[in-house]
Amino acid sequence: MHQLVLVLDFGSQYTQLIARRIREQSVYCEIHPYTVAKDPSKVRELVGNMKPIGIVLSGGPSSVYEEGAPTIARELFELGVPVLGICYGAQLTAKLLGGVVNAADKREYGRATVRVKQGGEGVFRTVKTGDELQVWASHGDHVDGLPPGFAHTAESDNCAMSGFANASKKIHCVQFHPEVVHTPRGAELLGNFLFGVCGAAGDWSMASFVEEAVAKVRAQVGSDGRVICGLSGGVDSSVAAALIHRAIGDRLTCIFVDNGVLRKGEREQVAAIFRDHFKVDLRVIDAEDRFLNALADVTDPEKKRKIIGYEFIAVFDEQSKQIANARFLAQGTLYPDVIESVSFKGPSHTIKSHHNVGGLPEKMKLALVEPLRELFKDEVRQLGLELGLPKHMVWRQPFPGPGLAVRCLGNLDRARLDVLRNADAIIEEEIRAAGLYESIWQSFGVLLPVKSVGVMGDARTYEETLAVRAVHSRDGMTADWVQLPYDVLGRISSRVINEVRGINRVVYDITSKPPGTIEWE
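What counts, and where the lines are drawn
- Residues numbered from 1 in each chain as written.
- Predicted model: local features only at pLDDT ≥ 70, side-chain atom pairs only at ≥ 80, totals over all residues.
- Heavy atoms only, no water.
- Core = buried A, V, L, I, M, F, W, Y, C linked by side-chain atoms within 4.5 Å.
- Buried < 20%, exposed > 50% of the residue type's maximum accessible area, 1.4 Å probe, protein only.
- Helix = DSSP H or I, 4+ residues; strand = E, 2+ residues; numbered from the N terminus.
- Contact = heavy atoms within 4.5 Å.
- Axes fitted to C-alpha atoms, helices over the stretch in contact; angles between N-to-C directions.
- Parallel < 35°, antiparallel > 145°, perpendicular 65-115°, else oblique.
- Left-handed = near helix turned anticlockwise from the far one by under 90°.
- Nonpolar A, V, L, I, M, F, W, Y, C, P; charged D, E, K, R; others polar.
- Pairing = 2+ DSSP bridges.
- Phe/Tyr/Trp six-rings, centres within 6.5 Å; stacked < 30°, edge-to-face > 60°.
- Lys NZ or Arg CZ within 6 Å of the ring centre and 35° of its normal.
- pLDDT = per-residue confidence, 0-100.
- Expected span 1.5 Å × (residues − 1).
- Salt bridge = Lys/Arg side-chain N within 4 Å of Asp/Glu carboxyl O.

> What should I look at first to understand the nonpolar core in this one?
The nonpolar side chains of a soluble globular protein tend to be buried, and buried together. Counting residues in each nonpolar core, the largest one holds 45 residues, and the members touching the most others are Val 227, Leu 243, Leu 252, Phe 274, Leu 372, Leu 383 and Leu 389. At the level of elements, helix H5 (206-221), strand S10 (226-230), helix H6 (235-248), strand S11 (252-258), helix H7 (266-277), strand S13 (326-330), helix H12 (377-386) and helix H13 (391-394) are the ones that each hand at least two residues to this core. Discounting residues that sit within four places of it in the chain, Val 227 has contacts with Val 221, Ile 244, Ile 248, Arg 251, Leu 252, Thr 253, Phe 328, Leu 329, Ala 330 and Val 369. Counting 42 residues, the second-largest nonpolar core is a separate cluster that includes Phe 291, Leu 368, Ala 405 and Val 419.

Structure below.
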């Protein structure tokens, strides 16, 4: 088994970044709410069971001196496990161990310059005494008095105690965020803690993860269990299916529902990869008529979503009953979903359920198999390549669950959906040809029920409008519109109008999220 670093979350917006930066250095880590270390009687048991080589205390929005502030048991610092406190984690460490924390006269938000007072060891092992580091700070409280036994390791103009440490007890604290890109040498500082203080071996790799995940799936499913997987053609479900297939072979059955609102060529592509390449038991269900009949004359986007969700569950349920000994349902749940399921305040403050096929587990009474629940999105892509999935599938952009139904505004019928499918394919072709596809979160077309007058070949046209949408995002929660080169936009417009009958005007959406959303419906 690989080594583990435990990250305790105090509610920082950057906690997931801490985990990502640690894993990028081939060290495995897990995020848990601080509440797991709150009970003094259970801290020793927690550490004994998890056996972490290091513990990171995240930042957070609270003040350590306010009533009800998040805290942990002081005993955590007495177990001999190296600790790194970041921002709130640093302030809490100081308070619990006898230091002084106060509200600052001058707060420190944004870029700051930190001067290293004690280089050559701890998190500053690769930094010389007197060197200056550009960092990202975000705090309104300062540590004004160090706990007994601690040394002053760094300072800034607005924060005298930017760094402090007790080297003998392997406790190190920084009053800035090394995990963000705005701290240019942040990865180096985290590496100093991981390898210099914790003695990490760097034994986390995607190849080792595959071996462990395959063993876990086999142990969970047993020698005769069968798993069914709703295959959407997206990255998460595709990678999950490939991993489970490696573990149990033909005891995996994938169900791909053609609901009539897929992208161009999607059905054929998924079938070719999973049935022909991986030799998976794939059942492609042609349900286009069923879905489009249910969606006829429905223009309200929420009704579209509900109808598609209901019909999908119905089709999936019908098919699963025909699979003998099917006791497990595979889902492409990712680590951010799991983290959001348990708030840093504890299980009673759930942000959202991490089951990503709403209603299926309860309705079908199947046990869940979630082989990706320890991975971030970028790690899932790495895993897909490790498992032999083609790059063009691994790097596919996110696609909404209701598919083209929420990109074809107004009434849905085969003719309009085909128009959108063909236009969307051109957008993807041109974005790929420009070398932009993998750097963009999503790029797609939206068919608008808005007709305008045009002229083609000296003849009058009266056809619909296509809106092109392209956004940058990290997680889909917020997004900025992409400033696509004019020549790319020009080629898209020219090709769509010339090659797709039914569209005579192309516009570009320059709305960010917020105030807009990524999808139009």
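> Could you clarify how one ought to interpret the packing of H5 against H6 in this entry?
The axes of two packed helices give the description: the angle between them and the distance between them. Interaxial distance between H5 and H6 falls to 9 Å at its minimum, and their mutual angle equals 65 degrees. Of the possible angle classes, the one that applies to H5 and H6 is roughly perpendicular. Between H5 and H6 the crossing geometry is right-handed. Here Phe 209, Val 210, Ala 213, Val 214, Val 217, Arg 218 and Val 221 of H5 lie close against H6, whose contacting residues are Leu 243, Ile 244, Arg 246, Ala 247 and Ile 248. In terms of residue class, the contact of H5 with H6 is built from ten nonpolar, no polar and two charged.

> So what exactly am I meant to see when it comes to the sheet that holds S11 here?
Across a sheet, paired strands are connected by hydrogen bonds in the backbone, their directions being either parallel or antiparallel. Read from one edge to the other, the open sheet built from five strands follows the order S12-S11-S10-S13-S14, with strand pairing classed as parallel. The two strands at the open ends of the sheet, each matched to only one other strand, are strand S12 (281-286) and strand S14 (367-369). The sheet shows a mean angle of 30 degrees between the axes of neighbouring strands, direction not considered. Sheet topology note: the S10/S11 ladder contains four bridges and is parallel. Looking across to S11, one finds that Cys 229 is bridged to Cys 254. Strands in contact with H7 are S11 and S12; relative to S12, the strand with the most contacts, it is inclined by about 165 degrees. Against the sheet, helix H9 (residues 301-320) touches S10, S11, S12 and S13, its axis set at about 145 degrees to S11.

> How should the packing of helix H8 (residues 288-295) against H9 be read in this particular structure?
Taken N-terminus to C-terminus, the directions of H8 and H9 make an angle of 150 degrees; their axes are 10 Å apart at the nearest point. Between H8 and H9, the interaxial angle falls into the category roughly antiparallel. When the axes of H8 and H9 are compared, the crossing they make is right-handed. Taken together, the residues of H9 that come into contact with H8 (itself represented by Arg 290, Phe 291, Ala 294 and Leu 295) are Lys 304, Ile 307, Ile 308, Glu 311, Phe 312, Ala 314, Val 315 and Glu 318. Classifying every residue of the contact of H8 with H9 gives eight nonpolar, no polar and four charged.

> So what exactly am I meant to see when it comes to the packing of aromatic side chains here?
Geometrically, a pair of aromatic rings is defined through the distance of the ring centres and the angle of the planes. Taken as a whole, this structure holds eight aromatic pairs when the rule is applied. For the ring pair Trp 204 and Phe 209, a centre distance of 5.8 Å and an interplane angle of 75 degrees mean the geometry is edge-to-face. In this structure, Trp 204 and Phe 209 share a single accessibility class: buried. Counting every residue linked through ring pairs, the aromatic cluster contains Phe 10, Tyr 34 and Tyr 88. Over the ring of Phe 399 we find Arg 263; its NZ or CZ atom is 4.0 Å from the centre of that ring. Against the face of Tyr 437 rests Arg 432, its NZ or CZ located 3.7 Å from the ring centre.

> What is the right way to read the confidence of the model for the protein chain from this model?
Low pLDDT marks regions whose predicted coordinates should not be analysed in detail. Summary statistics for the protein chain give a mean pLDDT of 89 and a share of 94% for residues scoring 70 or more. Of the regions scoring below 50 in pLDDT, residues 346-359 engages in 27 contacts with residues more than four places distant in sequence or in other chains.

> I keep staring at H7 and nothing clicks. Help me out?
Quick reminder: α-helices carry 3.6 residues per turn. Residues three or four places apart thus point the same way. End to end, H7 covers 16 Å across twelve residues, agreeing with the expected 16 Å (1.5 Å per residue, within 8%). Inspection of H7 places Glu 266, Val 270, Ala 271, Ile 273 and Phe 274 among the buried residues, and these make up the whole buried set. Each element contacted by the buried residues of H7 is listed here: H6, S11, S12 and H13. With its phi angle positive at about 60 degrees, Lys 279 sits one or two positions after the end of H7.

> Would you mind going over the pattern of salt bridges with me for this structure?
Should the charged atoms of two oppositely charged side chains come close, the side chains can pair. Taken as a whole, this structure holds 33 salt bridges when the rule is applied. Between Arg 396 and Glu 266 there is a salt bridge, and its shortest N-O distance comes to 3.1 Å. Here Glu 266 lies in helix H7 and Arg 396 lies in the loop between H13 and helix H14 (414-433), a separation of 130 residues in the sequence. Of the two residues, Arg 396 and Glu 266, both sit in the buried class. Linking Glu 429 and Arg 495 is a salt bridge whose minimum nitrogen-to-oxygen distance equals 2.9 Å.

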